[in-house]
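What the coordinates show
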Amino acid sequence: DLPQQDNAMTRRGKHALHVRYDEATAQLVGIYLNTLSYEVAFKAIESFPAERVIKAIISVTKSAGLEGLVSGQHQDLRLKRDDKLTLNELEEFYCRKTANFIGAIASSAAILYGRDRNEVGHLYMFGRFSGLALQFTDDCNSIEAGNGEDDGKLTAITALGLEATKKMIGVY
């Protein structure tokens, strides 16, 4: 939500961190949370075989890296309200931006417990669909709260319309 990213003043009804405190504090909190995630992940070695922990960490970090969340957020910064995306292209964009990351996190539990590829895949898809529903819901909530209508950014609402976006939430 930082000014150079989404520049949102609120998130889910509360002041964004850079608004409540300041931009530098928000950046430091982001660094702290990223670092904390590694600490928590590597502590899992105390409870699970190291090879499973490493596999889960690689899955999550790949989905957050250049092939995933980073490229999705980069595309988000460049897409404009008037850009035309099909539903499939919008889903692909939202998957890179959010849904694949949530899928990787959800499937990490199956990886840690040594479940088969089928179970890992099912949890990944559960997380991925949950992430798509989250993105579409977030777009609806922003518009209904009066945020984001004039920021010039592409959203599910600008691509599909409000009613079609609400319908897609139920599909996921």
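Relevant structure appears above.
Residues numbered from 1 in each chain as written. Predicted model: local features only at pLDDT ≥ 70, side-chain atom pairs only at ≥ 80, totals over all residues. Heavy atoms only, no water.

With that settled, consider the layout of surface pockets. Here the second largest pocket defines a volume of roughly 180 Å³. Secondary-structure elements contributing two or more residues to the lining of the second largest pocket are helix 3 (50–64) and helix 6 (117–144). The element contributing the most residues to the lining of the second largest pocket is helix 3, with three residues. Its residues assigned to classes, the lining of the second largest pocket comprises two nonpolar, two polar and four charged. (1 Å grid on protein atoms, 1.4 Å probe; cavity = no way out; pocket = protein on both sides within 12 Å on 5 of 7 lines; lining within 4 Å. Points joined across faces, edges and corners; volume = space filled by probe spheres on them. Helix = DSSP H or I, 4+ residues; strand = E, 2+ residues; numbered from the N terminus. Nonpolar A, V, L, I, M, F, W, Y, C, P; charged D, E, K, R; others polar.)

What follows concerns the packing of aromatic side chains. Taken as a whole, this structure holds five aromatic pairs when the rule is applied. Seen from their ring centres, phenylalanine 48 and tyrosine 113 are 4.9 Å apart, and the 80° between their planes marks the pair as edge-to-face. Of the two residues, phenylalanine 48 sits in the loop between helix 2 (23–43) and helix 3 while tyrosine 113 sits in the loop between helix 5 (87–112) and helix 6, which places them 65 residues apart along the sequence. On the basis of relative accessible area, tyrosine 113 is assigned to the exposed category, the value being 52%. (Phe/Tyr/Trp six-rings, centres within 6.5 Å; stacked < 30°, edge-to-face > 60°. Buried < 20%, exposed > 50% of the residue type's maximum accessible area, 1.4 Å probe, protein only.)

What follows concerns a nonpolar patch on the surface. On the surface, a nonpolar cluster with roughly 270 Å² of combined accessible area is contributed by Tyr38, Phe42 and Ile45. Secondary-structure assignment places phenylalanine 42 in helix 2. (Patch = residues over 30% accessible without salt bridge, like charges linked within 9 Å, V, L, I, M, F, W, Y side chains within 5 Å. Areas by Shrake-Rupley, 256 points an atom, 1.4 Å probe, with all protein chains shown as cover. Salt bridge = Lys/Arg side-chain N within 4 Å of Asp/Glu carboxyl O.)

A separate point is the nonpolar core. Of all hydrophobic cores here, the largest spans 14 residues; its most connected members are Leu90, Tyr94, Leu132, Phe136 and Tyr172. Looking at this core, the elements with two or more residues in it are helix 5 and helix 6. With five residues, helix 5 is the largest single contributor of residues to this core. If we ignore the near neighbours within four places in the chain, the residues touching leucine 90 are Leu85, Phe136, Leu154, Ala156, Ala159 and Leu160. One finds Ala44, Phe48, Ala56 and Ala110 within the second-largest nonpolar core, a separate group that totals nine residues. (Core = buried A, V, L, I, M, F, W, Y, C linked by side-chain atoms within 4.5 Å. Contact = heavy atoms within 4.5 Å.)

Quick look at the environment of glutamine 135 now. Counting through the fold element by element, glutamine 135 comes out in helix 6. We classify glutamine 135 as buried; its relative accessible area is 8%. Remark: the alpha-carbon pair of glutamine 135 and arginine 81, spanning 54 residues in sequence, is separated by 16 Å. Once residues lying within four places of it in the same chain are set aside, the contact partners of glutamine 135 are Tyr94, Lys97 and Thr98.

With that settled, consider the packing of helix 2 against helix 3. Two numbers describe how helix 2 lies on helix 3: the axes approach to 9 Å, and their chain directions differ by 155°. Of the possible angle classes, the one that applies to helix 2 and helix 3 is roughly antiparallel. Regarding helix 2 and helix 3, the two cross each other, and that crossing is right-handed. Contacts between helix 2 and helix 3 involve Tyr38, Ala41 and Phe42 on the former and, on the latter, Val53, Ile57 and Thr61. Here the contact of helix 2 with helix 3 is composed, by residue class, of five nonpolar, one polar and no charged. (Axes fitted to C-alpha atoms, helices over the stretch in contact; angles between N-to-C directions. Parallel < 35°, antiparallel > 145°, perpendicular 65-115°, else oblique. Left-handed = near helix turned anticlockwise from the far one by under 90°.)

With that settled, the discussion passes to helix 6. For helix 6, spanning 28 residues, the distance from its first C-alpha to its last is 40 Å, which sits close to the expected 40 Å at 1.5 Å a residue. Taken together, the buried positions of helix 6 are Val120, Gly127, Gly131, Leu132, Ala133, Gln135, Phe136, Asp138, Asp139, Cys140 and Ile143. Measuring from the backbone nitrogen of asparagine 118 back to the side-chain oxygen at the start of helix 6 gives 3.0 Å, which picks out aspartate 116 as the cap. (Expected span 1.5 Å × (residues − 1). Polar contact = N/O pair within 3.5 Å; in protein donor to acceptor, adjacent residues only side chain to side chain.)

With that settled, the discussion passes to helix 2. End to end, helix 2 covers 30 Å across 21 residues, agreeing with the expected 30 Å (1.5 Å per residue, within 8%). For helix 2, the N-terminal capping position is held by aspartate 22, with its side-chain oxygen 3.2 Å away from the main-chain nitrogen of alanine 24.

This brings us to the environment of glycine 13. Inspection of the secondary structure assignment puts glycine 13 in the loop between strand 1 (10–11) and strand 2 (14–15). Spatially, the C-alpha atoms of glycine 13 and serine 142 are 9.4 Å apart, while their sequence positions differ by 129 residues.

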